[in-house]
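Examining the three-dimensional arrangement
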Amino acid sequence: MSDSIRGEDPQVAERGHDEARSVSLELDGLTKVFHDDEGDVIAVDDVSMDIYDGEFVVLVGPSGCGKTTTLRMIAGLEEPTQGSIVLNGRDVAGLEPRERDVAMVFQNYALYPHKTVRENLGFPLQIRHFPNDEIEDQVRDVSELLGIGELLDRRPGDLSGGQQQRVALGRAIIRDPEVFLFDEPLSNLDAKLRIEMRTELNKLHARVGKTSVYVTHDQEEAMTLSDRVAVMKDGKLQQIAPPQTVYERPANLFVAGFIGEPPMNFFDCELAERDDGTWVVSDVFELKLPQPMAAKLDSWDGDVANLVFGVRPEDMTDTTVVEETFSPDTTFEAHVKVVEPIGADKDLTLAPSESAPEEDEFTVRVDSNSTATSGDTVTLAVDMSMSHLFDRTTGTNLTL
Ligand code: ATP
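Let me begin by describing the structure that accompanies this report. (Residues numbered from 1 in each chain as written. Predicted model: local features only at pLDDT ≥ 70, side-chain atom pairs only at ≥ 80, totals over all residues. Heavy atoms only, no water.)

On to the site of the ligand. Looking at the ligand, the residues that line it are Phe34, Val41, Ala43, Pro62, Ser63, Gly64, Cys65, Gly66, Lys67, Thr68, Thr69 and Glu184. Contacts to the ligand include lysine 67, whose side-chain N or O atom sits 2.9 Å from an oxygen atom. A distance of 2.5 Å separates an oxygen atom of the ligand from a polar side-chain atom of threonine 69. Protein coverage of the free-state accessible area of the ligand, which is 630 Å², stands at 61%. The greatest single-element share of the shell around the ligand, amounting to three residues, is contributed by helix α3 (residues 67–75). When grouped by side-chain class, the residues that make up the shell around the ligand number five nonpolar, five polar and two charged. (Near = heavy atom within 4 Å. Polar contact = N/O pair within 3.5 Å; in protein donor to acceptor, adjacent residues only side chain to side chain. Areas by Shrake-Rupley, 256 points an atom, 1.4 Å probe, with all protein chains shown as cover. Helix = DSSP H or I, 4+ residues; strand = E, 2+ residues; numbered from the N terminus. Nonpolar A, V, L, I, M, F, W, Y, C, P; charged D, E, K, R; others polar.)

Quick look at the packing of helix α4 (residues 117–126) against helix α5 (residues 132–145) now. Where α4 meets α5, the axes come as close as 9 Å, and the angle between the chain directions of the two elements is 125 degrees. Viewed along their axes, α4 and α5 adopt a mutual orientation that is oblique. As α4 packs across α5, the resulting crossing turns out to be right-handed. Along its contact with α4, which presents Arg118, Leu121, Gly122, Leu125 and Gln126, the element α5 presents Ile135, Gln138, Val139, Val142 and Ser143. Class assignment for the residues of the contact of α4 with α5 results in five nonpolar, four polar and one charged. (Axes fitted to C-alpha atoms, helices over the stretch in contact; angles between N-to-C directions. Parallel < 35°, antiparallel > 145°, perpendicular 65-115°, else oblique. Left-handed = near helix turned anticlockwise from the far one by under 90°. Contact = heavy atoms within 4.5 Å.)

With that settled, consider helix α6 (residues 161–174). Between its terminal C-alpha atoms α6 stretches 20 Å, which fits the 20 Å expected from 14 residues at 1.5 Å a residue. Counted residue by residue, α6 has twelve buried out of 14 residues, so it is predominantly covered. Inspection of α6 places Gly162, Gln164, Gln165, Arg166, Val167, Ala168, Leu169, Gly170, Arg171, Ala172, Ile173 and Ile174 among the buried residues, and these make up the whole buried set. Tucked into the core, α6 has its buried residues touching β6 (102–105), α4, α5, β7 (179–183) and α7 (191–208). (Expected span 1.5 Å × (residues − 1). Buried < 20%, exposed > 50% of the residue type's maximum accessible area, 1.4 Å probe, protein only.)

Mapping aspartate 218 onto the fold places it in the loop between β8 (211–216) and α8 (219–225). Owing to a relative accessible area of 17%, aspartate 218 belongs among the buried residues under this scheme. A polar atom in the side chain of aspartate 218 sits 2.9 Å from the backbone nitrogen of glutamate 220. Sequence-distant contacts of aspartate 218, that is, excluding residues within four places in its chain, are made with Val60 and Arg194.

The topology assignment puts asparagine 397 in the segment after β20 (388–391). On the basis of relative accessible area, asparagine 397 is assigned to the buried category, the value being 6%. Separated by 144 residues in the primary sequence, asparagine 397 and leucine 253 have C-alpha atoms spaced 6.8 Å apart. At 2.9 Å, the side chain of asparagine 397 and the side chain of threonine 399 are in polar contact.

It is worth spelling out the packing of α6 against α7 at this point. Between α6 and α7, the shortest axis-to-axis distance is 11 Å and the interhelical angle comes to 20 degrees. In terms of axis orientation, α6 runs roughly parallel to α7. Classified by chirality, the crossing of α7 by α6 is right-handed. Taking contact as the criterion, the partners of Gly162, Gln165, Arg166, Leu169 and Ile173 in α6 are, on α7, Leu193, Met197, Glu200, Leu201 and Leu204.

Strand order in the open sheet formed by four strands is β2-β1-β4-β5, and the pairing between neighbours is antiparallel. Looking at the sheet topology across the chains shown, the edges are occupied by β2 (39–52) and β5 (90–91). In this sheet, strand β4 (residues 82–87) lies alongside strand β1 (residues 23–36) in antiparallel orientation, the contact comprising five bridges. Bridge pairing in β4 places glutamate 26 opposite valine 86. Set on the sheet, α3 makes contact with β1, β2 and β4; between it and β1 the angle comes to about 115 degrees. (Pairing = 2+ DSSP bridges.)

Encoded structure:
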């Protein structure tokens, strides 16, 4: 397995990787195969990663990519078909969930409906036979930490979704585990509350500082909560890196397309060597590659006619409203189909020509002072330093 996927490469160093920092959770070659009537399902396929002490790692990816199964294997709710899980130096194979020193927070809260908030919070300590006065002290501390001190005598049915989720969090915190495992804990909340709880979780993690693994299919949640994002697809880990790195330096086409909203634009293209340098040629444009980017392709021996050029909507500019001269080497014309104002910016849906099919459309995010209207032809400038070239066959980003 390549080091860049495992997260032992400069991508980690960029985030201030500390050699002295200890690994809290180590997944090695983790694989899970389910057998059902239709055959084998490889839910998790040879996933390896090191998660550092106190780190918040978010597993993100489309439905069915193996996030929950990975988390459930860490929790001990699912047995790996292959591979190992080492928690603080201890191989936890064969250990029951309660012997693993992990606490899991689920999407559906899993609170006891007939117990009060106080009893729900205190339960993990009660079954471990903590003295009553200590349970009381800890319930008070945790409920204050989560702002639910007023709700201790209520039952879950008398709480809002956000309050229930706080109680579920409190019950995990009170166990004081080595690792928190979160399985889409905010997905039952409405959009506004989700954002509020996201901020709460961020603050909470800053205070409690425990190693956390968090599963979501919501890339915004992944980007805002994590120290590092682990992007999965078809059971395989695609990239693990800090959110900014995943956004700016996606390892492959899948990560590039999955992270970012509106998504990165992709154009089939080929390379052309000309007297003045290397050019990216597509049906839509001809753009000159900056020398450092061209140099990165020197050691690559794939098919130059089988590439994908990727550029994010915000890395193209509508030149008509900018007082700046752009080189014709990195500009091209496009036809405006739709203009959508979104506050400080506008999203333009463009096409190579008026009659181009929908699949050729792409998006550019421009300043709100752009005067482009539907039917216009605009000249777009591409920020080549923020662009990428991918091998269409392997998906690999060739310009990292
Ligand atoms: P989601 O976001 O939809 O929850 P996920 O990324 O968490 O998806 P998993 O729930 O881990 O994905 O499932 C990964 C794959 O394993 C899917 O194809 C799923 O159908 C399959 N799978 C999960 N549990 C079982 C099971 N008990 N038996 C058979 N197949 C399963």
